[in-house]
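Structure assessment
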Amino acid sequence: MVIGADLPAINSAMPIWIVPLFPLTGALVLLLTGRRWRGLLSGWFASFLVGASFVSTIVLLLDFLGGDGEAALVNRLYQWVAAGSFSVDVAFRVDPLALVMALTVSGVATLIHIYSIDYMRGDPRFARFFAYLNLFVFFMLVLVLANNFLLLFVGWEGVGLCSYLLIGFWFERKPAADAAKKAFIVTRIGDSAFLIGIVFIWLRFQSLDFEVVFARAPELAAGTATVLALLLFAGAVGKSAQLPLHTWLPDAMEGPTPVSALIHAATMVTAGVYLVVRAHPIFEASEVALTIVATVGIVTAIYAGLSAIGQDDIKRMLAYSTISQLGFMFFGAGMGAYSAAIFLLVAHAFFKAMLFLGAGSVMHGLRGETDMMRMGGLRRAMPLTFWTWVIGWLAMAGIPPLSGFFAKDQVVASASENGRLWFWIAALVGSLLTAVYMSRATFMTFFGRPRSEQKPHDAPPRMGLALVVLAAAAAFGGILGLSAVNGILPAFLEPVFGAAEEPHGPLTVLALALASSAVAVVGIGIAYLVYGSGRIDWVALRSRFAGAKRASQRGFYVDDVYTGGLVAPAKLGSAFLAYVFDRRVLDGAVNGLGRIIGAFAGRGRAVQTGRVRSYALAVLLGVVGVLSYLVVRF
Amino acid sequence: MNADLVVFWVTAPLSVFAAVAMILSRNAVHAALWLIVNLFTLAVLFLVLGSPFLFVVQIIVYAGAIMVLFLFVIMLLGVDQQASLRETIRGQRWLAVVLGLGLVAEIFFAVRLGLGLSRGALPDFARVNEGGNIRALAEVLFGPYFFPFEVTSILLIVAAIGAMLHGRRRVQDEDVIDMPAAAE
Amino acid sequence: MRTPISFFLLLSAVLFTLGTLGVLLRRNALVIFMSIELQLNAVNLALVAFSRQWGNLNGQVLAFFSMVVAAAEVVVGLAIIVSLYRKRRSADVDEASLLRW
C-alpha cells in the first residue's frame with residue numbers, strides 16, 4: 001500500500017525528474033569515460049547539462065505559475081521502500097520553496113561550471129572534476145526537490161559525499177585529504193542526529209511525506225516537537241557549519257576555489273537552512289526550538305564575524321563569513337521570518353559565490369597566493385575582478401540598494417518585529433562585524449601598495465563572464481524582495497509560509513532600514529580608518545594586539561579544544577584498541593584457536609599414512625565395531 | 001551320514017586350507033593356483049546347495065575366465081618374484097588377526113542367534129527348482145530382475161572400455177607421476 | 001539334505017575373514033586382488049546358502065549378479081594394476097603412498 005496515495009498527486013506537464021536527470025547523466029558519462037575526453041570539451045559538456053537543468057527548472061516555474069493555483073506539483077516515480085508498514089516513494093515536489101532553491105542551485109552552478117573551465121584548465125583530472133561537480137548538482141537538486149524526508153536525506157548525504165570528493169580533489173596534498181575527511185566526519189555527527197529525527201518522524205506520523213507530516217505537525221505536543229525539531233536542527237548545524245560543528249568549513253577551503261564557491265558558499269551549506277525552513281511546521285510547534293535556532297544562529301554569526309576579522313587567508317576569511325551569514329539565515333528562520341531567511345540565502349548565493357570566484361580570480365592571477373598580507377593594490381592590475389568584488393563587498397556589507405541590504409535588513413528587522421530587542425541588537429552587532437571584516441579584506445587586497453612581486457593578470461573571459469553575471473545578480477537581486485510583506489519573493493513563497501504579517505514592532509520599517517544601513521556604513525568606516533586611510537599603521541597594530549589577533553585567526557581555539565579534548569583521546573583510545581586490544585586479545589584469541597586446531601590437526605593427520613592397507617584395517621575396525629553393536633543389541 | 005554331509009566335510013577343510021595357502025604363498029602364481037582350488041571347492045558347495053547353474057558358471061567364469069586373466073597379468077608383470085612376507089607396518093599384523101578373529105566370532109554369534117547352529121527344517125527345494133534349476137533361475141532373472149540384468153550388460157561394456165583406456169600406453173613426461181625423481 | 005545351513009554360513013565367514021587378512025597382510029597388489037575375489041566368493045556362498053534356507057532363487061540370482069560385477073571389477077582392477085606397474089615398476093601397494101599428509 002502506498003501511504004499518502006490518497007493525497008493529491010498532480011502530475012506537472014513536464015516531469016520533475018528531468019531536472020536532476022541532466023547532471024546525473026553528465027556525472028555518469030564523465031565518470032565512465034573520463035580518460036577519453038581531451039581538452040576543455042568535458043567542461044563544456046558538464047556546463048551544458050547543468051545549464052539544461054537550469055532551463056528545465058525555468059520551464060517548471062512557468063508550468064507552476066501557469067497551473068491552476070495548486071500549492072505543489074508532485075511526481076511520484078515509484079514506490080522505493082516497502083517493508084511492512086514502512087513505505088517510501090521516490091517522489092519529487094515542486095512548490096515555490098523548492099523552485100527558488102532549484103533555480104538558485106542550478107543557476108549558480110551553471111555559472112560556476114563555466115568559470116571552472118578556465119580555472120581548472122590544465123588539471124590532469126579535469127574531466128573528473130566536472131563529473132564530481134555534476135554529481136553534486138544532481139544530489140543537490142534531489143535534496144531540494146524531494147517530497148519526503150528519506151529522499152531528502154539521500155540528497156543530503158550525496159552532497160556530503162561530493163563535498164568530500166571535491167575538498168579532497170587534490171588529495172596528493174595532505175592538508176586537502178585531511179580537510180576532506182574532517183568535513184565528512186564532522187558533518188556526519190549532525191547527519192546521524194538527522195537520521196534519528198527521520199526515524200522519530202516515522203514513528204510519530206507513520207509517513208515521511210512532506211504533505212502528511214506537515215499537515216499533522218501542529219498536533220504535536222510541545223515536548224515532542226522540540227525533540228524532533230532539535231534532531232533535524234542538529235543535522236542542519238552540521239551541514240551548515242554552525243556552532244559547535246563549524247570547524248570543518250574553514251579547513252574545507254583546501255578544495256579548488258570553484259568548489260568553495262559552489263558547495264561551501266552558495267548551495268550545500270545552505271541545505272541546513274533549507275531543511276529548517278522546509279520543516280518549519282515542526283519547528284513552529286515548539287517555541288523552545290525556534291529560540292534555540294535563533295540563538296545558535298546569532299551566536300554563530302557574531303563568533304564567525306569576530307574570527308573572520310583575524311583571518312589573513314582570503315579564502316578562510318570568506319569561509320568564516322559564510323558561517324556568519326548562515327548564522328544570520330538561521331537567526332531569521334528562528335525568528336519565523338522564513339521568506340527573509342530564504343531571501344538572504346538566495347542573495348548570499350549570489351554575492352558569496354561571486355566573492356569566492358573573485359578570490360579565485362585573485363589567486364589565479366597570483367599563482368595560487370591566498371595570503372592577503374602578500375596582496376594589496378590589485379585594483380589596477382585586475383579591474384574586472386576589482387569592480388565585481390566591490391559589488392559583492394558592498395552587497396554583503398549591506399549597503400542599499402544592493403541585494404544584501406534588503407535581505408539582511410529583513411532578517412535583522414524580523415527580531416525587532418517580534419519585539420525581541422536584544423536579539424535585534426545582537427543582529428546589528430553581527431551586521432557591523434560583517435561590514436568590518438569584508439571591508440578589511442577589500443582594503444588589504446585591492447587598495448594600498450602592492451605587497452607582492454608577482455605580475456598579476458586579470459580573469460580570463462569565461463571566469464569574467466561568471467563574475468559579471470553573478471555581480472549583476474548580487475547588485476539587482478534586491479528587486480526580488482524590496483518589501484518583506486509584498487515583495488516578489490515573499491509573495492511567491494506565501495503559499496508555503498503563509499502570509500507575512502504587517503510589522504508591529506516598536507520601530508517602523510524605515511527606521512529599521514536606516515539603522516541597518518548606518519551600521520553598515522559605520523563598519524566600512526572603521527575598516528577604512530584602520531586599513532584604508534593610511535593614517536594608522538595597521539601592521540604595527542597587529543603585533544600590539546598579537547594575542548587577540550591570534551585568537552581570532554584560530555577561531556578562538558574551538559578547533560584546538562576539539563583536537564585536544566576529543567580527537568586526541570579518541571586517537572589514544574583507538575590506538576589502544578588497535579595495537580593492544582585488537583592485536584593481543586582479538587588476534588590472540590583467533591590465533592590461539594587456530595593454533596589449537598592446528599596442533600590437533602598435526603596429530604590427526606598422522607592417520608593419513610597414504611598406505612592403503614592401513615585404511616583397509618580401519619574399515620575392518622569399523623565393520624567389527626558395527627557388527628558387535630548389532631550382535632549385542634539382539 | 002548323508003552324502004551331502006560327507007561332501008561338505010571333505011570340501012570345507014580343503015577350501016579353508018586352499019584359502020590359507022593362497023594368502024601365505026610368496027609367489028603370485030602359486031597364490032592364483034590355490035585360489036582356483038578354493039573356487040572349485042565353492043563350486044562343489046553350490047551344487048550341494050541346489051544350484052547346478054552357479055556350479056557351472058563358477059567353474060567357467062571364475063576358475064576359467066577370471067583366473068586366466070589373473071595369470072595373464074602375472075605373466076605380464078613377471079612371474080618369478082618371491083614376495084617378502086615381512087610386515088612393514090607396525091601393529092598391522094596382530095591387529096588384523098585379532099580383528100579377523102573378532103569378525104568370525106561375531107558372525108558365529110549372529111548365525112547362532114538368527115538361524116541356530118543345528119539343522120532346522122528346510123523347504124523342499126525340488127519344487128523351487130521345478131523344470132530344472134536353469135529354467136527356474138531364468139524365469140526369475142528375466143522376470144523381476146530383468147532391468148538389473150540389462151544394466152549389468154552396460155556395466156560390462158563400460159568396464160571393457162575403461163580397461164582399454166587404462167591399458168593404453170602413453171608415456172609422456174607429464175603423465176609420469178610419483179616416480180622417485182618426480183616425488184622429491 | 002542333512003547339512004545345516006549354518007555350517008555353510010560359518011564357512012563363508014571363515015573364508016571372508018581369510019580374504020580380509022589377505023588384503024590386510026599382503027603387499028603384492030595382485031595377491032590383494034585375489035584376496036578380494038576370495039571375499040566375494042565367500043559372500044556368494046552365503047547368498048546361495050540363504051537361497052536354500054528361504055526356498056527361493058533370489059539369493060542365487062544375487063550371487064549371479066555378484067559374479068558379473070566381479071568380472072567387470074577384475075577387468076578394471078587389473079588394468080589399474082598394469083598401469084600402476086608400468087609407472088612404478090612395482091606392484092607393492094605400500095610404495096604407492098603419495099596421497100597422504
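Residues numbered from 1 in each chain as written. Chains lettered and ligands numbered in written order. Predicted model: local features only at pLDDT ≥ 70, side-chain atom pairs only at ≥ 80, totals over all residues. Heavy atoms only, no water.

Below, the discussion takes up the overall build of chain C. A tally of helices and strands in chain C yields 3 helices and 0 strands. Here chain C holds 101 residues, and the buried ones make up 72% of them. Summarising the internal contacts of chain C: among those between residues at least 6 apart in sequence, 57% fall at separations of at least 24. Here chain C has roughly 3,400 Å² of accessible surface; of this, 68% comes from carbon and sulfur atoms. (Helix = DSSP H or I, 4+ residues; strand = E, 2+ residues; numbered from the N terminus. Buried < 20%, exposed > 50% of the residue type's maximum accessible area, 1.4 Å probe, protein only. Contact = heavy atoms within 4.5 Å. Areas by Shrake-Rupley, 256 points an atom, 1.4 Å probe, with all protein chains shown as cover.)

Turning our eyes to something else, we now look at the interface of chain A and chain C. Of the residues lining the interface, 12 residues belong to chain A; the matching set on chain C comes to 14 residues. At the junction of chain A and chain C, the tally comes to 0 salt bridges. The tally of links from chain A across to chain C stands at 2 residue pairs in polar contact (both at pLDDT 80 or more). Per-class residue counts for the side of chain A that touches chain C are 6 nonpolar, 3 polar and 3 charged. (Salt bridge = Lys/Arg side-chain N within 4 Å of Asp/Glu carboxyl O. Polar contact = N/O pair within 3.5 Å; in protein donor to acceptor, adjacent residues only side chain to side chain. Nonpolar A, V, L, I, M, F, W, Y, C, P; charged D, E, K, R; others polar.)

For helix 3 (residues 96-119) of chain A, with 24 residues, the first-to-last C-alpha span of 34 Å sits near the 34 Å given by 1.5 Å per residue. Counting buried residues along helix 3 of chain A, 23 of its 24 residues qualify, which places the element largely inside the surrounding structure. (Expected span 1.5 Å × (residues − 1).)

Okay, the side chain of A:Ser403 next. Residues and elements named next belong to chain A. Here serine 403 shows up in helix 18 (residues 403-417). You can call serine 403 buried: its relative accessible area is 1%. With sequence-adjacent residues up to four places away left out, serine 403 is seen in contact with Phe343, Ala347, Phe351, Ala395, Ala473, Ala474, Ala475, Gly477 and Gly478.

In this section: empty space enclosed by the protein. All names here are of chain A. Under the counting rule described, the total for this entry stands at 2 cavities of 30 Å³ or more. Approximately 60 Å³ is the volume attributed to the largest cavity. Forming the boundary of the largest cavity are Ala397, Gly398, Phe405, Lys408, Asp409, Ser431, Ser516 and Ala520. Breaking the lining of the largest cavity down by element, the ones donating at least two residues are helix 18 and helix 22 (509-532). (1 Å grid on protein atoms, 1.4 Å probe; cavity = no way out; pocket = protein on both sides within 12 Å on 5 of 7 lines; lining within 4 Å. Points joined across faces, edges and corners; volume = space filled by probe spheres on them.)

Moving on, we get to the interface of chain B and chain C. Residue-level contacts link 90 residues of chain B with 72 residues of chain C. Contact with chain C buries area across many residues of chain B, yet B:Leu49, B:Phe70 and B:Leu77 alone supply 10% of it, more than any other trio. At the boundary of chain B and chain C, one finds 0 salt bridges. Our count for the contact surface shared by chain B and chain C stands at 11 residue pairs in polar contact (both at pLDDT 80 or more). For the side of chain B that touches chain C, the secondary structure elements donating two or more residues are helix 1 (3-24), helix 2 (28-48), helix 3 (52-77), helix 4 (92-114), helix 5 (125-128), helix 6 (133-141) and helix 7 (146-167) of chain B. The class makeup of the residues in the side of chain B that touches chain C is 61 nonpolar, 19 polar and 10 charged. (Buried area = accessible area lost by both parts, 1.4 Å probe.)

Among the secondary structure elements, C:Ser35 is positioned in helix 2 (residues 29-54). For C:Ser35, a relative accessible area of 0% gives the class buried. Counting along the chain gives 16 residues from C:Ser35 to C:Gly19, while the straight-line C-alpha distance between them is 4.5 Å. When near neighbours in sequence (up to four residues on either side) are disregarded, C:Ser35 contacts B:Met22, B:Ile23, C:Gly19, C:Gly22 and C:Val23.

Bringing the packing of aromatic side chains into the picture now. Residues and elements named next belong to chain A. According to the stated counting rule, one finds 37 aromatic pairs over all chains in the structure shown. Between phenylalanine 149 and phenylalanine 214, the ring centres sit 5.9 Å apart and the planes meet at 85°, which makes this aromatic pair edge-to-face. With phenylalanine 149 in helix 5 (residues 149-167) and phenylalanine 214 in helix 7 (residues 210-216), the pair connects residues that are 65 residues apart, well separated along the chain. An aromatic cluster of three or more residues is present, and its members are Phe386, Trp387, Trp389, Trp393, Phe443, Phe446, Phe447 and Tyr528. Above the face of the phenylalanine 169 ring, arginine 125 is positioned so that its terminal group lies 5.3 Å from the ring centre. The residue whose ring lies beneath lysine 408 is phenylalanine 328, and the NZ or CZ to ring-centre distance is 5.6 Å. (Phe/Tyr/Trp six-rings, centres within 6.5 Å; stacked < 30°, edge-to-face > 60°. Lys NZ or Arg CZ within 6 Å of the ring centre and 35° of its normal.)

Another point: unusual backbone geometry. Residues and elements named next belong to chain A. With an omega of 0°, the peptide bond running from leucine 243 to proline 244 counts as cis. Inspection of the secondary structure assignment puts proline 244 in the loop between helix 8 (222-239) and helix 9 (248-251). Even without being glycine, glutamine 206 reaches a positive phi, approximately 55°. Take glutamine 206: it is sitting in the loop between helix 6 (174-205) and helix 7. The class for glutamine 206 is partly exposed, based on a relative accessible area of 38%. In this structure, alanine 241 takes a positive phi of about 55° despite not being glycine.

Here we take up the pairing of strand 1 (residues 73-83) of chain A. Residues and elements named next belong to chain A. Inspection of the sheet shows strand 1 paired to strand 2 (residues 86-94) by 9 bridges, in the antiparallel sense. Counted as the bridge partner of leucine 73 is valine 94 from strand 2. Hairpin geometry of strand 1 and strand 2 is characterised by an intervening segment of 2 residues between the two adjacent antiparallel strands and by a positive phi of about 65° at glycine 84. (Pairing = 2+ DSSP bridges.)

Right, let's talk about a nonpolar patch on the surface for a bit. Where nonpolar side chains cluster on the molecular surface, the patch consists of A:Phe576, A:Leu577, A:Tyr579, A:Val580, A:Phe581, A:Val585 and A:Leu586 and spans about 640 Å² of accessible area. With respect to the helices and strands, A:Leu586 occurs in helix 25 (residues 558-604). (Patch = residues over 30% accessible without salt bridge, like charges linked within 9 Å, V, L, I, M, F, W, Y side chains within 5 Å.)

Residue and element names in this part refer to chain A. Under the counting rule described, the total for this entry stands at 19 salt bridges over all chains. Among the salt bridges present, the one from arginine 173 reaches glutamate 254, with a minimum N-O distance of 2.5 Å. Here the residue arginine 173 occupies a position in the loop between helix 5 and helix 6, and glutamate 254 occupies one in the loop between helix 9 and helix 10 (257-266), the gap between them amounting to 81 residues. Taking the shortest distance from any N to any O, the salt bridge between aspartate 251 and lysine 182 comes out at 2.8 Å. With aspartate 251 in helix 9 and lysine 182 in helix 6, this residue pair connects regions lying 69 residues apart in the sequence. Neither aspartate 251 nor lysine 182 differs from the other in exposure class; each is buried. One connected set of salt bridges, linked through shared partners, spans Arg76, Asp89, Arg93, Asp95, Asp209, Glu211 and Arg278.

Quick look at helix 6 of chain B now. Those residues of helix 6 of chain B lying buried are B:Asn133, B:Ala136, B:Leu137, B:Val140 and B:Leu141. What you see down the axis of helix 6 of chain B is that its buried residues fit within an arc of 135°, all on one side. In this structure, helix 6 of chain B carries B:Ile134, B:Arg135 and B:Glu139 as exposed residues pointing more than 90 degrees from its buried face. Structurally, helix 6 of chain B contributes buried residues whose contacts are with helix 3, helix 5 and helix 7 of chain B together with helix 3 (58-88) of chain C. (Arc of directions from axis to C-beta.)

A few words now on the packing of helix 7 of chain B against helix 3 of chain C. Closest axis-to-axis distance for the helix 7 of chain B/helix 3 of chain C pair is 9 Å, and the angle between their directions is 10°. Here helix 3 of chain C runs roughly parallel to helix 7 of chain B, going by the angle between their axes. Counting all contacts with helix 7 of chain B, which are made through B:Pro148, B:Phe149, B:Thr152, B:Leu155, B:Leu156, B:Ala159, B:Ala163, B:His166 and B:Gly167, the residues of helix 3 of chain C involved are C:Phe64, C:Phe65, C:Val68, C:Val69, C:Ala72, C:Val75, C:Val76, C:Ala79, C:Ile80, C:Ser83 and C:Arg86. Looking at the contact of helix 7 of chain B with helix 3 of chain C residue by residue, the classes come out as 15 nonpolar, 4 polar and 1 charged. (Axes fitted to C-alpha atoms, helices over the stretch in contact; angles between N-to-C directions. Parallel < 35°, antiparallel > 145°, perpendicular 65-115°, else oblique.)

All right, on to the confidence of the model for chain C then. Residue and element names in this part refer to chain C. Per-residue confidence for chain C averages 87 on the pLDDT scale, and 98% of its residues sit at or above 70. Helix 3 is the least confidently modelled element of chain C, averaging 88 in pLDDT, while helix 1 (residues 5-25) averages 92, the highest of any element. Two numbers describe this predicted complex: its pTM, 0.65, and its ipTM, 0.90. (pLDDT = per-residue confidence, 0-100.)

Let us look at the nonpolar core. The nonpolar side chains of a soluble globular protein tend to be buried, and buried together. Within the largest apolar cluster, 207 residues are counted, with the highest numbers of intra-cluster contacts made by A:Leu145, A:Phe149, A:Ile282, A:Phe283 and A:Ile342. Looking at this core element by element, the count peaks at 20 residues for helix 15 (residues 338-365) of chain A. Judged by nonpolar contacts, the second largest core, of 80 residues, contains B:Leu103, B:Val111, C:Leu57 and C:Tyr85. (Core = buried A, V, L, I, M, F, W, Y, C linked by side-chain atoms within 4.5 Å.)

One way to put it is that helix 6 of chain B packs onto helix 3 of chain C with a least axis distance of 10 Å and a crossing angle of 80°. Considered as vectors, helix 6 of chain B and helix 3 of chain C are oriented roughly perpendicular to each other. Contact with helix 6 of chain B, carried on its side by B:Asn133, B:Leu137, B:Val140 and B:Leu141, involves C:Asn58, C:Gln60, C:Val61, C:Phe64 and C:Phe65 of helix 3 of chain C and no other residues of that element. A per-class count over the contact of helix 6 of chain B with helix 3 of chain C returns 6 nonpolar, 3 polar and no charged.

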